[in-house]
Amino acid sequence: MASKINQYDVAIVGFGLIGQICAKVCSQYNLKTLVIESRSDTEFSSNAVSFDDESLRLLECIGLYDALKAYLNKPDFTDIILTNGKVIQRNPVLNTDNDFPSICTFFPPEIEKTIREICKADENIDLLFDNELINFNFNENKVGLDTKSNNKLKYFEAHYLIACDGANSFVRNKLDIESVDQRYSKNWLLIDILLKHKDSLENVFRQICDDKRPTSYISLSNRRHRFEFQLLAGEQHQKIIQKNNIQNLISKWIEPNQYEIENISIQNFRGSFAKTFQKNNIFLIGDSAYQMPPYASQGLNTGIRDILNLIWKINLVVNFNCNKKLLLSYDLERAQPIKQTIKSSIALGQLIDSLSMAFQKNIPLEEAIAPEARDQAFGRNKNIEERNPKKGIFSHSHSEMTINRRLSNREITDKQGIACLDKMVGNCFAIFSKKDVRNKLNENIYEKLIKLNFKFIFDYSNLNIGPELSEYLETGEVIIRPDKKIYGLSSTGLDINKLVSELLMQIE
Ligand SMILES: Cc1cc2nc3c(=O)[nH]c(=O)nc-3n(C[C@H](O)[C@H](O)[C@H](O)COP(=O)(O)OP(=O)(O)OC[C@H]3O[C@@H](n4cnc5c(N)ncnc54)[C@H](O)[C@@H]3O)c2cc1C
């Protein structure tokens, strides 16, 4: 859509997958959004090949899942194996409590193209391709943005700037935000192939602790597959990308006459994070804020969790006149889980290297890998998020066990067994209770909640309540944030009016 105005609620710089999904979430909240992208409409930037169930859940909530599902592939399982085929770890890909598979793979251009077309048709989004952000300045209330397209300069203003401009972020550099290097750096060769006949390779997501070079094999659809090979010290990039070398590397799986090569690149896998993800009304999300090696497939998924954390807060400030200070919770809530995810991703890479080495040198695996290294590498991300200490927009009157947990979509199911918590809560805060809680609320508190679009959920006829929510409802009322995380629980010692007042103090 052509730009008609130059004053926006939100400006997003960078239209990779994170910028695209962020723009769609902003639109969902009715935020007037400008997107500035230096590439043309026909170029794509993403390396990511998978979404996890939490990301799929968000895509469903913003109406993208149906459009994308034709391009999503559910692998039979994910595994880590040795050169001789011995399985170190294997997990079947099953539907989780969110009602989505634990992982779905895809061919990135198909996903980017689809979301791009949907954003183009969106009235809340103005998209500028071939426009580079070349400068910006900011004060308490707005950000001024200078863009350049073929020597033509333009100027825009927005209340908030969201940097989705990738690993070499212009915004992060201009703000002089330092990056903390996690001292991990490996070059990998990436090859995407298209099979001439479908189904001639396994449908799996596999890491191979190859004793010559660690390798990944990922099925993206029944015809498209990705191979990733770690480069060895001193290996020349020009030589490794030659066609006969690539055919040789892939020959273990498939003969050259059975496929076409669609894409070849060399990528540096590394770990680093910005010292802060926020300066005034400017936010860093996705790769602009941090990089992690993709062994655990979490870079894009973590960026999607950033979006899930940030945009409902901007919505409260812009559309509900809430206190700007609540936005400070973005950095507070995200920093810890992001650092843990980077640590786990690096640990998984190191584990794969150690297993490859142990196999090569015939060392027993238990001796080669310390149990803590395994735990770190296989640390589940949901737990990492939940271990985040008590910071941000949560009740401070609670044990950390309850707050900051995201209620799964299946905590409420309908008669057909279909998960429906997300549909019931929508984009708002909600209070779950056994009986109508509105009679218990003080009048002025109730009025405030109505203005903030709170949902009151107490009628569960024809619905099933899951074990977690049932247990909480035995204790009292449950307040859920728009990202479905638990804000807090009332109890005999903590009246619902007190709990709500605590929340209002944090956001008003
Ligand atoms: C091999 C590999 C495999 C991966 N697999 C997975 C996976 O399976 N699952 C997963 O979750 N993650 C995965 N990741 C990580 C994932 O690819 C990234 O985290 C994610 O794609 C980052 O997206 P982004 O939109 O933040 O950045 P980018 O995709 O880099 O997009 C940045 C955009 O900003 C634009 N831009 C930059 N500067 C400017 C400017 N000044 N003005 C205007 N526009 C600008 C660029 O043109 C670009 O389009 C993988 C990464 C690699 C390398």
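The shown structure was predicted, so the numbers you read here are calculated from the model rather than taken from an experiment. (Residues numbered from 1 in each chain as written. Predicted model: local features only at pLDDT ≥ 70, side-chain atom pairs only at ≥ 80, totals over all residues.)

Draft legend 1. The arrangement of the overall build of the chain in detail. Along its length, the chain carries 16 helices and 24 strands. Each of the three principal axes of the chain carries a C-alpha extent, and together these read 75 × 60 × 40 Å. Taken over 508 residues, the chain has a buried fraction of 43%. Residue pairs at least 24 apart in sequence account for 70% of intrachain contacts in the chain once pairs closer than 6 positions are excluded. (Helix = DSSP H or I, 4+ residues; strand = E, 2+ residues; numbered from the N terminus. Buried ≥ 20, exposed ≤ 12 C-beta atoms within 10 Å, placed from the backbone. Contact = placed C-beta atoms within 7 Å.)

Draft legend 2. Representation of the site of the ligand. Around the ligand, the surrounding shell holds 34 residues, and the nearest of these are Gly14, Gly16, Gly166, Gly286 and Gly299. Among the elements that take part in the shell around the ligand, helix α8 (residues 299–320) stands out by supplying 4 residues, more than any other. (Near = placed C-beta within 6 Å.)

Draft legend 3. Region of interest: the domain arrangement of the chain. Partitioning the chain into domains gives domain 1 (7–70 + 107–180 + 271–344) and domain 2 (395–507). Contact with domain 1, which involves 12 residues of that partner, is made by 8 residues of domain 2. For the side of domain 1 that touches domain 2, the secondary structure elements donating two or more residues are α2 (53–61) and α8. Residues of the side of domain 1 that touches domain 2, tallied by class, amount to 8 nonpolar, 3 polar and 1 charged. (Domains from an automatic or database assignment. Nonpolar A, V, L, I, M, F, W, Y, C, P; charged D, E, K, R; others polar.)

Draft legend 4. Quick peek at the packing of helix α1 (residues 17–28) against helix α4 (residues 108–120). Two numbers describe how α1 lies on α4: the axes approach to 10 Å, and their chain directions differ by 35°. Crossing of α1 over α4 shows left-handed handedness. The residues of α4 that touch α1, namely those facing Leu17, Gln20, Ile21, Ala23 and Lys24, are Glu112, Ile115, Arg116, Ile118 and Cys119. Of the residues contributing to the contact of α1 with α4, the split by class is 6 nonpolar, 1 polar and 3 charged. (Axes fitted to C-alpha atoms, helices over the stretch in contact; angles between N-to-C directions. Left-handed = near helix turned anticlockwise from the far one by under 90°.)

Draft legend 5. The pairing of strand β1 (residues 7–13), seen in detail. Of all the 7 residues making up β1, 6 are buried; the element is thus mostly covered by neighbouring parts of the structure. Bridge analysis of β1 against strand β10 (residues 152–163) gives 6 bridges, and the strand direction is parallel. The residue of β10 that forms the bridge with Gln7 is Glu157. Here β1 pairs with strand β2 (residues 33–36) via 4 bridges, running parallel. (Pairing = 2+ DSSP bridges.)

Draft legend 6. Summary view of the nonpolar core. One finds Ala11, Cys22, Leu161 and Ile285 to be the most contacted residues of the largest nonpolar core, which totals 97 residues. Of the residues forming this core, the biggest block, 10 residues, is contributed by helix α9 (residues 329–361). When sequence neighbours within four positions are dropped, the list of residues in contact with Leu161 reads Ala11, Val13, Phe136, Val143, Val171, Asn281 and Ile282. (Core = buried A, V, L, I, M, F, W, Y, C linked by C-beta atoms within 7 Å.)

Draft legend 7. Highlighting the environment of Leu31. Within the secondary structure, Leu31 sits in the loop between α1 and β2. Leu31 gets classed as buried once you count the C-beta atoms within 10 Å, which come to 22. Residues Leu31 and Val318 lie 287 residues apart in sequence; the distance between their C-alpha atoms is 8.0 Å. Excluding its chain neighbours within four sequence positions, the residues that come into contact with Leu31 are Asp9, Val10, Cys26, Asn124, Ile314, Asn315 and Val318.

Draft legend 8. Summary view of the sheet that holds strand β23 (residues 478–480). Strands sit in the order β21-β20-β23-β24 across an open sheet of 4 strands; the sheet is mixed. Edge positions in the sheet fall to β21 (455–457) and β24 (486–489), since each of these pairs with one other strand and no more. Ignoring strand direction, the axes of neighbouring strands in this sheet form an average angle of 20°. By the bridge criterion, 3 bridges tie β23 to β24 in an arrangement that is antiparallel. Bridging across to β24, Ile479 finds its partner in Gly488. Sheet contacts for helix α15 (residues 467–475): β20 (430–432), β23 and β24; angle to β23, the most-contacted strand, approximately 130°.

Draft legend 9. The arrangement of unusual backbone geometry in detail. Even without being glycine, Asn151 reaches a positive phi, approximately 65°. Residue position: Asn151 is located in the loop between β9 (143–149) and β10. Its identity is not glycine, yet Asp176 carries a phi of approximately 60°, on the positive side. Topologically, Asp176 is positioned in the loop between α5 (170–174) and β11 (179–195).

Draft legend 10. Structural view of the sheet that holds strand β14 (residues 224–230). A sheet is described by the order of its strands in space; here 8 strands give the open sequence β5-β4-β12-β13-β14-β11-β15-β18, paired in mixed fashion. Strands with a single pairing partner mark the edges of an open sheet, and in this sheet they are β5 (87–92) and β18 (290–291). Of the strand pairs in this sheet, strand β4 (residues 77–82) and β5 are connected by 5 bridges, and their pairing is antiparallel. Within the sheet, the bridge partner assigned to Phe77 lies in β5 and is Pro92.

Draft legend 11. Just α2, in detail. Taken across its 9 residues, α2 has 9 buried, putting it largely inside the fold. Of the residues making up α2, those classed as buried are Asp53, Glu54, Ser55, Leu56, Arg57, Leu58, Leu59, Glu60 and Cys61. Contact partners of the buried residues in α2: β3 (50–52), α3 (65–68), β6 (103–105), α8 and α13 (421–425). Backbone geometry just downstream of α2 places Gly63 in the positive-phi region, at approximately 75°.

Draft legend 12. Just the confidence of the model for the chain, in detail. The share of residues in the chain with pLDDT of 70 or more is 94%, and the mean pLDDT across the chain is 93. Under a pLDDT of 50 for its full length, residues 380–384 has, in the predicted model, 7 contacts with residues more than four places off or in other chains. (pLDDT = per-residue confidence, 0-100.)

Draft legend 13. Fine view of α8. Taking 1.5 Å per residue, 22 residues should reach 32 Å; α8 reaches 32 Å between its end C-alpha atoms and fits that length. Judged by how many residues are buried, α8 sits mostly within the fold: 17 of 22 residues are covered. Within two residues after α8, Asn321 carries a phi angle of roughly 60°, on the positive side. (Expected span 1.5 Å × (residues − 1).)

Draft legend 14. Structural detail: the packing of helix α14 (residues 443–451) against helix α16 (residues 496–507). Axis separation between α14 and α16 bottoms out at 11 Å; the angle between their running directions is 50°. Relative to α16, the element α14 is oriented oblique. In terms of crossing hand, the pair formed by α14 and α16 is left-handed. In this structure, α14 contributes Ile445, Lys448 and Leu449 to the contact, and α16 contributes Asn497, Val500, Ser501 and Leu504. By residue class, the composition of the contact of α14 with α16 is 4 nonpolar, 2 polar and 1 charged. (Parallel < 35°, antiparallel > 145°, perpendicular 65-115°, else oblique.)

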